[in-house]
Amino acid sequence: MDNNLEGEEVEFRKHAKYFIRFLHTLPGRLASHDSTRVTIAFFAVSGLDVLDSLHMLTDTFQQDICNWIYKLQVVPKPGERGYGGIQGSSTFDVIGTPDSCGLQLYRWGHLAITYTGIAVLVALGDDLSRLNRRAIIEGVAAVQRDDGSFSATIEGSEQDMRFVYCAAAICAMLNDWGRVDRKKMADYILKSIRYDYGISQHYEMESHGGTTFCAIAALELSGQLHLLSADTREKIIRWLVFRQQDGFQGRPNKPVDTCYSFWIAATLKILHAFELTSFQDNRDYVLSTQDPTVGGFSKWPQAYTDPFHSYFGLCGLSFLNEPGLQEVMPSLNISMRAYRRLQELQRNWTLLEEGLAAGNGEVTVHIE
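Throughout, a residue's number is its position along its own chain's written sequence, starting from 1. Where local features are concerned, this predicted model is filtered to residues with pLDDT of at least 70; where side-chain atom pairs are given and counted, the filter is 80 or more; whole-chain, interface and lining totals use all residues. No hydrogens and no water enter the side-chain calculation; it runs on all heavy atoms of the structure.

Cavities and pockets were defined on a 1 Å grid built from protein atoms only: a cavity is a group of points that admits a 1.4 Å probe but offers it no way out, a pocket is an open group of points flanked by protein on both sides within 12 Å along at least five of seven lines, and a lining residue is one with an atom within 4 Å of any such point. Grid points are joined across faces, edges and corners, and a volume is the space filled by probe spheres set on the points. Taken as a whole, the largest pocket holds about 1300 Å³ of empty space. Along the walls of the largest pocket sit 48 residues, with Thr-36, Thr-39, Ala-112, Arg-162 and Phe-308 positioned nearest its centre. Within the residue set of the lining of the largest pocket, elements represented by two or more residues are α2 (37-50), α4 (111-123), α6 (161-174), α8 (209-221), α10 (260-270) and α12 (307-319). Amino acids outside the nonpolar list (Ala, Val, Leu, Ile, Met, Phe, Trp, Tyr, Cys, Pro) and the charged list (Asp, Glu, Lys, Arg) are all regarded as polar, and Gly is one of them. Along the lines of polarity and charge, the residues of the lining of the largest pocket split into 24 nonpolar, 18 polar and six charged. Secondary structure elements follow DSSP: runs of H or I of four or more residues count as helices, runs of E of two or more count as strands, with numbering from the N terminus.

On to the packing of helix α1 (residues 12-24) against α12, then. Relative orientation of the contacting elements α1 and α12 amounts to 145 degrees, with a least axis distance of 11 Å. The way α1 lies across α12 gives a crossing that is left-handed. For the pair formed by α1 and α12, the contact residues are His-15, Tyr-18, Phe-19 and Phe-22 on the first element and Pro-307, Ser-310, Tyr-311 and Leu-314 on the second. Looking at the contact of α1 with α12 residue by residue, the class counts come to six nonpolar, two polar and no charged. With axes taken as lines fitted to C-alpha atoms, and helix axes fitted only over the stretch in contact, angles between N-to-C directions fall between 0 and 180 degrees. Crossing chirality is assigned from the near helix's rotation relative to the far helix, an anticlockwise turn below a right angle marking it left-handed and a clockwise turn marking it right-handed. Here, residues are in contact when the closest pair of their heavy atoms is within 4.5 Å.

Turning next to unusual backbone geometry. Despite not being glycine, Asp-52 has its phi angle at roughly 60 degrees, a positive value. Mapped onto the elements, Asp-52 comes out in the loop between α2 and α3 (59-71). For Asp-52, a relative accessible area of 34% gives the class partly exposed. The backbone of Asn-321 sits at a positive phi, close to 60 degrees, despite the residue not being glycine. Residue position: Asn-321 is located in the loop between α12 and β7 (328-329). Exposed residues in this analysis have more than 50% of their type's maximum accessible area, buried residues have under 20%, and partly exposed residues fall in between, with area computed by a 1.4 Å probe over protein chains only.

Now for the environment of Ile-264. Mapping Ile-264 onto the fold places it in helix α10. Here Ile-264 falls in the buried class, since its relative accessible area comes to 0%. Distance in space between the C-alpha atoms of Ile-264 and Phe-213 is 6.8 Å, their sequence separation being 51 residues. Excluding anything up to four places from it in sequence, Ile-264 contacts Gly-209, Trp-239, Leu-240, Arg-243, Phe-248 and Gln-249.

In structure tokens:
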């Protein structure tokens, strides 16, 4: 890869300050996103991680973020159905609200929030010791549907490729697939490959760059990428490469958009075909959406910036080996630094489980 791409400079410090502002307060225009505040925190924390700027958050503030995530963890009582996981905000935990009002009936884990919540904890160096991993994995299995797809919550939610990915990411991060049926999941993915070899959000829908990522990443995370035939794999790569105009578009005949510099590029990285794209054109487009005054990236030039496009724009630049940015692990959508920390945690869990199985009362684990 070319490390000497030319063009506009990345405003590292301004982007870092941009993310920090979103961790302290949300603008009024994002009030409707209260139920997904954990996801917004994911974009901000992970953005700082990719910028190598987590040190700009005090240790106390980082711990406050971790404590907040844990407060949103939902663990079913013995005998209750599997609704474990992490919820998106404290909406259903209003202090002083009596149980008789019924709010507790709507407290359940959400796959996207659980995935991003765990990712935030890992990025901040937490050891995940306060997670009820069993309840989370049982919660993932509880929302798998008969066709192999997943819904976001135990009831009242769509079921589609987005949540297939979240389920796969959660199980991969916790190194436990429990009762999740991986074969059914793979069958659902393979049946969602469309006539043009993009992959749709659900059966018979239009090919889409975001859901193509979700499908391919889920196959890799579940150890099933080999189920794609060589011919199918090449045709998926062809569809992905054709999404580049200067930046990348999510669907044919649609405008390019900054976030697809992650969705399309990450999928090509997983398939080892990213080198088939134009790095210079990609970089030029992403930086054309940068706000050089207050930081952040937008989906299109001269549009409003937001944490979502800001984070994915930086990931896209990281894939281009932009100097100063941390490497991103494509299929889990976290920094390689966070991924290595996660691998260390998983090794310790394995040692602990093996020690307990052997009847050894003393097991020593080591965290970097």
